[in-house]
Amino acid sequence: MEGGAYGAGKAGGAFDPHTLVRQPHTILRVVSWVFSIVVFGSIVNEGYLNTPSEGKEFCIYNRNPNACSYGVAVGVFAFLTCLLYLALDVYFPQISSVKDRKKAVLSDIGVSAFWAFLWFVGFCYLANQWQVSKPKDNPLNEGTDAARAAIAFSFFSIFTWSLTAALAVRRFKDLTFQEEYSTLFPDSAQP
């Protein structure tokens, strides 16, 4: 068996950025990373308004500061999580132990599913707060495009993180097959 489970037979080899960039889970992770930047960037930039009569800023989502805080927090932490798992994607071919690879993929499954859930909650929360916002709070419609962009990219993030979790499940199945194959046929595992 030449290639092994995602390169297990070639573990310790040179880093190949071309192969890394072409992998679907890496592409989805980069897309999720960009989506998280759009969400927290749009809320931080234009998600807070103030009126001349009030000296205090308020959140564009129904004057609910928790909505803006949730969107920013989820966006920033998703951004950092994407960077962490992109680093793991770079390091993954260097991991020679199938058990360690399984741990990495299991964490990817759990974290990706968790983030898909958080983005679902964020989408529902932001959309609900946007729906009940009063027009008198924002008569000039300032920041409305940014608020809608945050809601839309929260929705898109649900799918990118869910697909990342599904791809991790597929990788886990391939690793489990590799481990069973190596156990059943120890002589043929090494070429």
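The structure reproduced in this document is the subject of the present report. Keep in mind the model is a prediction, meaning the values are calculated, not measured.

Parameters at a glance
Residues numbered from 1 in each chain as written. Predicted model: local features only at pLDDT ≥ 70, side-chain atom pairs only at ≥ 80, totals over all residues. Heavy atoms only, no water. Helix = DSSP H or I, 4+ residues; strand = E, 2+ residues; numbered from the N terminus. Buried < 20%, exposed > 50% of the residue type's maximum accessible area, 1.4 Å probe, protein only. Contact = heavy atoms within 4.5 Å. Areas by Shrake-Rupley, 256 points an atom, 1.4 Å probe, with all protein chains shown as cover. Salt bridge = Lys/Arg side-chain N within 4 Å of Asp/Glu carboxyl O. Phe/Tyr/Trp six-rings, centres within 6.5 Å; stacked < 30°, edge-to-face > 60°. Lys NZ or Arg CZ within 6 Å of the ring centre and 35° of its normal. Expected span 1.5 Å × (residues − 1). Polar contact = N/O pair within 3.5 Å; in protein donor to acceptor, adjacent residues only side chain to side chain.

Section: the overall build of the chain
So, step 1. What the chain contains, in helices and strands, is 5 helices and 2 strands.
So, step 2. In the chain, which comprises 191 residues, the share counted as buried stands at 38%.
So, step 3. A fraction of 80% describes how many contacts in the chain between residues 6 or more apart in sequence connect residues 24 or more apart.
So, step 4. For the chain, the accessible area works out to roughly 10600 Å², and carbon and sulfur atoms hold 65% of it.

Thoughts on the pattern of salt bridges
So, step 1. Using the criterion set out here, one finds 4 salt bridges in the structure.
So, step 2. Taking the shortest distance from any N to any O, the salt bridge between D108 and R29 comes out at 3.0 Å. Taken as a pair, D108 in helix α4 (residues 98-131) and R29 in helix α2 (residues 24-46) lie far apart in primary sequence, 79 residues in all. Of the two residues, D108 and R29, both sit in the buried class.
So, step 3. R148 is paired through a salt bridge with D145; the nearest N and O atoms lie 3.8 Å apart. Of the two residues, R148 and D145 are both situated in helix α5 (residues 144-184); the distance of 3 residues between them amounts to about one turn of the helix.
So, step 4. Note on D145: relative accessible area 61%, which makes it exposed.

Looking at the packing of aromatic side chains
So, step 1. Evaluation of the coordinates by the stated rule reveals 12 aromatic pairs.
So, step 2. Plain terms: the ring middles of F35 and F153 are 5.1 Å apart, the flat faces sit at 65 degrees to each other, and that makes the pair edge-to-face. Of this pair, F35 sits in helix α2 while F153 is found in helix α5, placing the two residues 118 residues apart along the sequence.
So, step 3. Each residue in the set F35, F123, F153, F155, F156 and F159 is aromatic and connected to the rest through ring pairs, giving one cluster.
So, step 4. Over the ring of F58 we find R63; its NZ or CZ atom is 3.7 Å from the centre of that ring.

Quick notes on helix α3 (residues 65-91)
So, step 1. Taking 1.5 Å per residue as the helical rise, α3 with its 27 residues ought to reach 39 Å, and the 39 Å between its terminal C-alpha atoms agrees with that figure.
So, step 2. Of the residues that open α3, the one with a side-chain oxygen 3.0 Å from the backbone nitrogen of N66 is N64.

Remarks on unusual backbone geometry
So, step 1. With phi around 60 degrees, N62 is a residue other than glycine that occupies positive phi space.
So, step 2. The topology assignment puts N62 in the loop between β2 (58-59) and α3.
So, step 3. For R63, which is not glycine, the phi torsion reads 55 degrees and is therefore positive.
So, step 4. Secondary-structure assignment places R63 in the loop between β2 and α3.

Brief notes about α2
So, step 1. When the terminal C-alpha atoms of α2 are compared, their 33 Å separation across 23 residues agrees well with the 33 Å that a helix rising 1.5 Å per residue should span.
So, step 2. Among the residues making up α2, those that are buried are H25, T26, L28, R29, S32, F35, S36, V39, F40, S42 and I43.

So, to be careful, I would describe these as geometric facts and stop short of saying anything about function.
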